[in-house]
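Residue-level structural notes
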Amino acid sequence: MAELLAGAGILGVDVDVAVVDEHVRSSAYRRVVLVTASSPSRGRDRAIVATILRDPIDMVSKSAVVALVDRVAMKVTDPAEFRQWWAELLPEIDRLKTESYREFIRRRIHDWLFYLSIEDGHVPTPVELAEVTDWMQRVLAEESTSPAVLALLDESGRRKKIRNIARNRAGSRKLRAQ
């Protein structure tokens, strides 16, 4: 824990307390993730993930790793770059004891690869859209600027809320374009 915090330049965390208190550790991990994700270099990510995944409570480590995945995905613009980064982390992720947590992280990666491919100009099919989580469909409905993607979500979004968000955003984009 001390090495992880020092490597991220984080001061003011009582390491002895963090070792015994999962909430303090979780907070410390969030701070480490913020620093790590904001770095232009991805070179230390695998070692940081490996350290976090040694936490005795899988939920704490899973949450920190998912936060790192989300933050890195929001920074990259190239799906291939993200896929390579993920491939480097995969051996560490596979060490998580809880299969459902490993699967959750894999699904999140799949969602972000889908998102990045859309940002790169890909217009998904309804079948491809059905393969991502409700969470990603909602992210796309709330953030996509592509009329084709918004129309697809309006037509094929899994939940009524997703369809409504996409329909409203597509309608407001049409009004602004006029």
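Below: a short report on this structure.

This next bit is on the environment of Ala87. Within the secondary structure, Ala87 is located in helix H6 (residues 79-93). Exposure remark for Ala87: the relative accessible area of 46% places this residue in the partly exposed category. C-alpha separation for the pair Ala87 and Arg102, spaced 15 residues apart in sequence, amounts to 14 Å.

Moving on, we get to the packing of aromatic side chains. Under the defined criterion, the tally for this structure stands at 3 aromatic pairs. With a centroid separation of 5.2 Å and 80° between ring planes, the pair formed by Trp112 and Tyr115 is classed as edge-to-face. Placement of the pair is Trp112 and Tyr115 together in helix H7 (residues 99-119), with a separation of 3 residues, close to one helical turn. A relative accessible area of 4% places Trp112 in the buried class.

Turning our attention to the packing of helix H4 (residues 45-52) against helix H5 (residues 58-75). A packed helix pair is summarised by two numbers, namely the angle formed by the two axes and the spacing between the axes. Between H4 and H5, whose axes approach to 9 Å, the crossing angle comes to 155°. Compared by their axis directions, H4 and H5 come out roughly antiparallel. Of the residues in H5, those touching H4 at Asp45, Val49 and Ile52 are Ser61, Ala64, Val65, Leu68 and Val72. For the contact of H4 with H5, the per-class residue count stands at 6 nonpolar, 1 polar and 1 charged.

What follows deals with helix H10 (residues 147-156). For H10, the full list of buried residues reads Val149, Leu150, Leu152 and Leu153. Taken around the axis of H10, the buried residues stretch over an arc of 160°, which confines them to a single face. More than 90 degrees from the buried face of H10, the exposed residues found are Pro147 and Glu155.

Tracing the backbone through its elements, the reader meets Asp70 in helix H5. For Asp70, a relative accessible area of 14% puts it in the buried group. In this view, Asp70 contacts Arg108, Trp112 and Trp135; residues no more than four positions away in its chain are not counted.

Inspection of the secondary structure assignment puts Thr51 in helix H4. Thr51 gets classed as partly exposed once you look at its relative accessible area, which sits at 23%. Sequence separation between Thr51 and Leu153 is 102 residues; the distance between their C-alpha atoms is 39 Å.

Attention now moves to the nonpolar core. One finds Ile52, Val65, Phe82, Trp85, Ile93, Met136 and Leu153 to be the most contacted residues of the largest nonpolar core, which totals 53 residues. Here this core gets 9 residues from one element, more than from any other, and that element is H7. Look past the residues within four positions of Leu153 in its chain and what remains in contact with it is Leu129, Gln137, Leu140, Ala141, Ile162, Arg163 and Ala166.

Rules and cut-offs
- Residues numbered from 1 in each chain as written.
- Predicted model: local features only at pLDDT ≥ 70, side-chain atom pairs only at ≥ 80, totals over all residues.
- Heavy atoms only, no water.
- Helix = DSSP H or I, 4+ residues; strand = E, 2+ residues; numbered from the N terminus.
- Buried < 20%, exposed > 50% of the residue type's maximum accessible area, 1.4 Å probe, protein only.
- Phe/Tyr/Trp six-rings, centres within 6.5 Å; stacked < 30°, edge-to-face > 60°.
- Axes fitted to C-alpha atoms, helices over the stretch in contact; angles between N-to-C directions.
- Parallel < 35°, antiparallel > 145°, perpendicular 65-115°, else oblique.
- Contact = heavy atoms within 4.5 Å.
- Nonpolar A, V, L, I, M, F, W, Y, C, P; charged D, E, K, R; others polar.
- Arc of directions from axis to C-beta.
- Core = buried A, V, L, I, M, F, W, Y, C linked by side-chain atoms within 4.5 Å.

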